[in-house]
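Single-letter residue listing:
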Amino acid sequence: MKRCIVTLLILSAHHITYGHAPDTAVAVHGKGTRGPYQLQFKNIITGSLNIYRAEHPASPDSFSTQNAEGILWLSEPLAVGDSIMAEFRYLPLELKSQY
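Report on the accompanying structure. (Residues numbered from 1 in each chain as written. Predicted model: local features only at pLDDT ≥ 70, side-chain atom pairs only at ≥ 80, totals over all residues. Heavy atoms only, no water.)

Let's shift gears to the nonpolar core. Counting residues in each nonpolar core, the largest one holds 15 residues, and the members touching the most others are Val28, Leu39, Leu49, Leu72, Ala86 and Phe88. Counting only elements with at least two residues in this core, the list comes to strand S1 (23–29), strand S6 (71–74) and strand S7 (83–89). The element that contributes the greatest number of residues to this core is S7, accounting for three residues. Leave out the neighbours within four places in its chain, and Leu49 touches Leu39, Phe63, Thr65, Leu72, Ala86, Glu87 and Phe88. (Core = buried A, V, L, I, M, F, W, Y, C linked by side-chain atoms within 4.5 Å. Buried < 20%, exposed > 50% of the residue type's maximum accessible area, 1.4 Å probe, protein only. Helix = DSSP H or I, 4+ residues; strand = E, 2+ residues; numbered from the N terminus. Contact = heavy atoms within 4.5 Å.)

Attention now goes to the pattern of salt bridges. Inspection of the entire model under this criterion finds one salt bridge. In this structure, Arg53 and Asp82 form a salt bridge, with 3.2 Å as the shortest nitrogen-oxygen distance. A residue pair is termed long-range when its members are at least 10 positions apart, and Arg53 in strand S3 (residues 50–53) and Asp82 in the loop between S6 and S7 qualify at 29 residues. The exposure class of Asp82 is partly exposed, given its relative accessible area of 28%. (Salt bridge = Lys/Arg side-chain N within 4 Å of Asp/Glu carboxyl O.)

Spatially, S1-S7-S3-S4 is the arrangement adopted by the four strands of the open sheet, whose pairing is antiparallel. Edge positions in the sheet fall to S1 and strand S4 (56–57), since each of these pairs with one other strand and no more. Relative to S7, S3 runs antiparallel, the two being bridged by three bridges. The residue of S7 that forms the bridge with Asn50 is Glu87. (Pairing = 2+ DSSP bridges.)

What the three strands build is an open sheet, ordered S2-S6-S5; its pairing is antiparallel. For this open sheet the edge positions go to strand S2 (37–38) and strand S5 (63–66), each flanked by a neighbour on one side alone. Pairing analysis gives four bridges linking S5 to S6, with the strands arranged antiparallel. Of the residues in S6, the one forming a bridge with Ser64 is Trp73.

Pasting the structure below:
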């Protein structure tokens, strides 16, 4: 609970200072599995992730995330040689699990 409160305070301060969290997009290349796929950034803002396959948006129920870790899971395997685009906002700071 303490970590959640600290995160919310930092996010609020960041929003006031910079207007909003950074937008980014990363290509996710298939491994023939449903995941896990690391999105290269942690602390993804809940509800900000959009997945595109061949420029078409994927249904929100076709993937899930572990936002704090920046990990993506797909409902169907992503074939080797195939790729998707993940667009999201993230909180650009490192949080420790214990202080």
